[in-house]
Structure formats: C-alpha cells, structure tokens
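Below, each chain spelled out in residue letters.
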Amino acid sequence: MKNTTSIHFFYMLPFSGETRSKPFITAFFFLMYVVGVLINSSIITVICLEDQLHKPMYLFICNLSIVDIFYTSVTIPKLLHMLLSGNHIVSSAQCYTQLSFITGAASAEGILLFIMAYDRYVAICIPLYYSRILNQRNCSLITIGMWAAAFLNSLLFVLSALYMSSCHSNLIHQFYCDAKSLTKITCTCRPLFLLVAGAEILVIIFVPFLCTCVSYVKIFSVIFKMKSEESRRKAFSTFSSHVTVISIYYGTCLTGYLIPAYSDVLDLAFNVVWTTITPMINPIIYSLQNANVKTVMLKFLNGKFFL
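Before going into details, it helps to say that this report is about the structure given with it. Since this is a predicted model, take the numbers as computed values, not measurements.

1. Some words on the overall build of the protein chain
In step 1: When its secondary structure is counted, the protein chain shows 10 helices and five strands.
In step 2: The 307 residues of the protein chain split such that 46% are buried.
In step 3: Considering only intrachain contacts with a sequence separation of at least 6, the fraction spanning at least 24 residues in the protein chain is 79%.
In step 4: When the accessible surface of the protein chain is split by element, carbon and sulfur atoms take 69% of a total near 15900 Å².

2. Brief notes about the packing of aromatic side chains
Two aromatic rings are characterised by how far apart their centres lie and by the angle between their planes.
In step 1: All told, the structure shown has 15 aromatic pairs when counted by the stated rule.
In step 2: Residues Phe 29 and Phe 175 carry aromatic rings whose centres are separated by 5.7 Å and whose planes lie at 50 degrees to one another, so their mutual orientation is tilted. Note that Phe 29 is positioned in helix α1 (residues 22-49) and Phe 175 in the loop between β5 (171-172) and α6 (179-184), a separation of 146 residues in sequence.
In step 3: Residue Phe 29 is classed as buried on the basis of its relative accessible area, which comes to 2%.
In step 4: Look at Phe 175 and you get buried, because its relative accessible area is 1%.
In step 5: Relative to Tyr 176, the ring of Phe 175 lies with its centre 5.1 Å away and its plane at 70 degrees, an arrangement referred to as edge-to-face.
In step 6: Overall, Tyr 176 belongs to the buried group, its relative accessible area being 0%.
In step 7: Put simply, the rings of Phe 28, Phe 29, Phe 175 and Tyr 176 touch in pairs and so form one group of aromatic residues.

3. Points about the pattern of salt bridges
In step 1: Under the counting rule described, the total for this entry stands at one salt bridge.
In step 2: We note a salt bridge from Asp 119 to Arg 120, for which the minimum N-O separation is 2.7 Å.
In step 3: Residue class for Asp 119 comes out buried when judged on its relative accessible area of 1%.
In step 4: On the basis of relative accessibility, which here comes to 9%, the residue Arg 120 falls in the buried class.

4. A closer look at helix α3 (residues 92-125)
In step 1: End to end, α3 covers 49 Å across 34 residues, agreeing with the expected 50 Å (1.5 Å per residue, within 8%).
In step 2: Taking burial as the measure, the 34 residues of α3 include 26 buried ones, the bulk of the element.

5. Here we look at the packing of α3 against helix α5 (residues 136-161)
Two numbers describe a pair of packed helices, the interaxial angle and the distance between the axes.
In step 1: In contact at an axis separation of 8 Å, α3 and α5 are set at 140 degrees when each is read in the N-to-C sense. Here α5 runs oblique to α3, going by the angle between their axes. The hand of the α3/α5 crossing is right-handed. Here Tyr 96, Leu 99, Ser 100, Phe 101, Thr 103, Gly 104, Ser 107, Ala 108, Ile 111, Leu 112 and Ile 115 of α3 come into contact with α5, specifically with Ile 142, Met 146, Trp 147, Ala 149, Ala 150, Phe 151, Asn 153, Ser 154, Phe 157, Val 158 and Ala 161.
In step 2: Each residue belonging to the contact of α3 with α5 can be placed in one class, and the counts come to 16 nonpolar, six polar and no charged.

6. Describing the environment of Phe 157
In step 1: Mapped onto the secondary structure, Phe 157 falls in helix α5.
In step 2: In this structure Phe 157 comes out as buried when scored by relative accessible area, which is 5%.

7. Regarding the pairing of strand β2 (residues 9-12)
In step 1: Only one face of β2 is buried: it carries Phe 10 and Met 12, and the other face, with Phe 9 and Tyr 11, is open.
In step 2: With three bridges joining them, β2 and strand β3 (residues 89-91) adopt antiparallel strand pairing. Each residue of the ladder has a partner; that of Phe 10, found in β3, is Val 90.
In step 3: Across two bridges, β2 lies against β5 in parallel orientation.

8. Side note on the state of the cysteines
Linking two cysteines covalently through their sulfur atoms gives a disulfide.
In step 1: In this structure the tally under the stated criterion is one disulfide.
In step 2: Cys 95 shares a disulfide with Cys 177; S-S distance 2.0 Å. Here the disulfide of Cys 95 and Cys 177 is left-handed, its torsion about the S-S bond being about -125 degrees. Placement of Cys 95 in helix α3 and of Cys 177 in the loop between β5 and α6 is noted, with a sequence separation of 82 residues between them. Residue Cys 95 shares its accessibility class with Cys 177, and that shared class is buried.
In step 3: For the unlinked cysteine Cys 48, the closest cysteine sulfur is that of Cys 62, found at 4.4 Å.
In step 4: The exposure class of Cys 48 is partly exposed, given its relative accessible area of 45%.
In step 5: Summary of cysteine pairing: Cys 211 is not part of a disulfide, and the nearest cysteine sulfur, belonging to Cys 213, is at 9.3 Å.

Reading the values: the criteria
- Residues numbered from 1 in each chain as written.
- Predicted model: local features only at pLDDT ≥ 70, side-chain atom pairs only at ≥ 80, totals over all residues.
- Heavy atoms only, no water.
- Helix = DSSP H or I, 4+ residues; strand = E, 2+ residues; numbered from the N terminus.
- Buried < 20%, exposed > 50% of the residue type's maximum accessible area, 1.4 Å probe, protein only.
- Contact = heavy atoms within 4.5 Å.
- Areas by Shrake-Rupley, 256 points an atom, 1.4 Å probe, with all protein chains shown as cover.
- Phe/Tyr/Trp six-rings, centres within 6.5 Å; stacked < 30°, edge-to-face > 60°.
- Salt bridge = Lys/Arg side-chain N within 4 Å of Asp/Glu carboxyl O.
- Expected span 1.5 Å × (residues − 1).
- Axes fitted to C-alpha atoms, helices over the stretch in contact; angles between N-to-C directions.
- Parallel < 35°, antiparallel > 145°, perpendicular 65-115°, else oblique.
- Left-handed = near helix turned anticlockwise from the far one by under 90°.
- Nonpolar A, V, L, I, M, F, W, Y, C, P; charged D, E, K, R; others polar.
- Pairing = 2+ DSSP bridges.
- Disulfide = S-S within 2.5 Å.

What follows is the structure, given as structure tokens:
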C-alpha cells in the first residue's frame, strides 16, 4: 500500500526554477495584471457613472469585468510574491482559499454568460417584453442570485476537496492552486469530491452551455427572417461580441479538460491564458464591438466625462 500523509503545505514550482527568465516572467505577469485591472476597472467606472449605460446588458458587462478582476487578483499577486521573494511554499489554508475564489469566479462567469445570452435572446426575439422581463428589480435579483450560486458552489467544491491525502509529494507544477493540480498529487479522490465535481460540470458548464446554444439558434432564426439588411446587421452586432467571449470561455474550459494529466507544460500554458490573458481580452472585445461603450470611453479618455 502507498503511504499517505495529510497535506499541511504545498510547494509551487511553476517555471522549473529557471532563474535567467525570472525577470522577464515577472515583468510579463506584472504588465498583464496592471493592464487587465485598469481596463476592467475603467469599464466598471464608465458603466456606473454614465446614465445611458444603466441598462441590463451593461450591468452584465460590468459583472463580467468584476469576474475578470477576480481571476487576476487571486492568482497573479501571489505569483509575483513567489517570483520576487523566492518563497514558493503555500500553506494549505492559502491554497484552498485561492481554489475557492477561482472556482467561484469560474462558476460566476459560466452563469453570467448564459444570462447575457438570454438577455440578447429577449432583446432580439421578443423585444416588446424586454423592459418587463429584464426590469431593474429582476436584474438585481438575477445578479445577487448569480453570485450567491457561484460562491455556494465554490464552498461545496472546496469543502469536498479538504482533507485529501498526498501520495508521493506536495509539489505542484502550477502558479496557483487549481483542482486538476491537487488531484494529481492525491492517492484517491473522495466520493463526495467526485460527486460535487460531476454536479458542477453538469449544472455550471453543460446546462448553461446547452441553454446558450438554444438561445443562439433562436436568435439566428429571427435575424435571418428580418427583411431589412440594416436590421440584420444591427441585431447581429448586438450579440457578436458575446459569441466571441463565450467561445473563448468554453474553448479554454474544453482545452483544460482535454489536456493530458501528465502534461504540466500544457496545463501551465492553458492556465496562463485563462487567468491572465482572457480577462484582459474580454472587456476589449466588448469595448470594440459596442458603440455606446466606445463613445463613453472616448469621452472618459478625453477628459470630457466629468465636465
């Protein structure tokens, strides 16, 4: 039988200890973090302060920017601390706290993307009922419910992962604590963890993805029936950015699950894209695709926003 030990701390080794590359790696992640937080913070500020953007679609974009800030703030500052101090030891409490916030952010994004798809469905397919279905009260309840469901799922997931035993070592070849890295160093997964993980994949990933696809089919059918080319172009432009963002989200999720368990390099590359580059790309996609956001952002940059 294999010897098992309870895990009290983890040793993170994300970049195989190549000291010559450390300054470039540190500068890259610092730049990604600053740019990502600045872009997302600007989107949140503009949407909150501009009255014409106080609409359901922009409320959901604002929440997406909050989720993206969560991704980078939970992972990159700790990575920078490890790179600058040389201390790669992470306590189990720190690791599971990081896992909790990452899982919560991922769950919130999955639910949020489905809500945004439903918003576009109502706006394009049944526009006369838009103000009734997505009024201020309903949008507030949807937002509260989304975050509550995300972090309840996160709490259940982390509680089910606690007290797992390590087989050979507590070395993690990753720059943050994620579920896949933790399961690599455990002898057996507890039945509760497998149950919660399966339920999470079904409820947080598969069901929203299926509902989103149904919404897209109905949206496309309505757009193709429009007689005016201008109406089709305008309707398509209102949700094309969402199609791009959701493709990136589910593309990275699918890639993460398909990456072989023994491929630490591919896992690392995937997580870098998922937690640092994607949160910076999402608001740029929405800003470039949405004329109202671009107009207000230009006013903000030109200093006319507060005049």
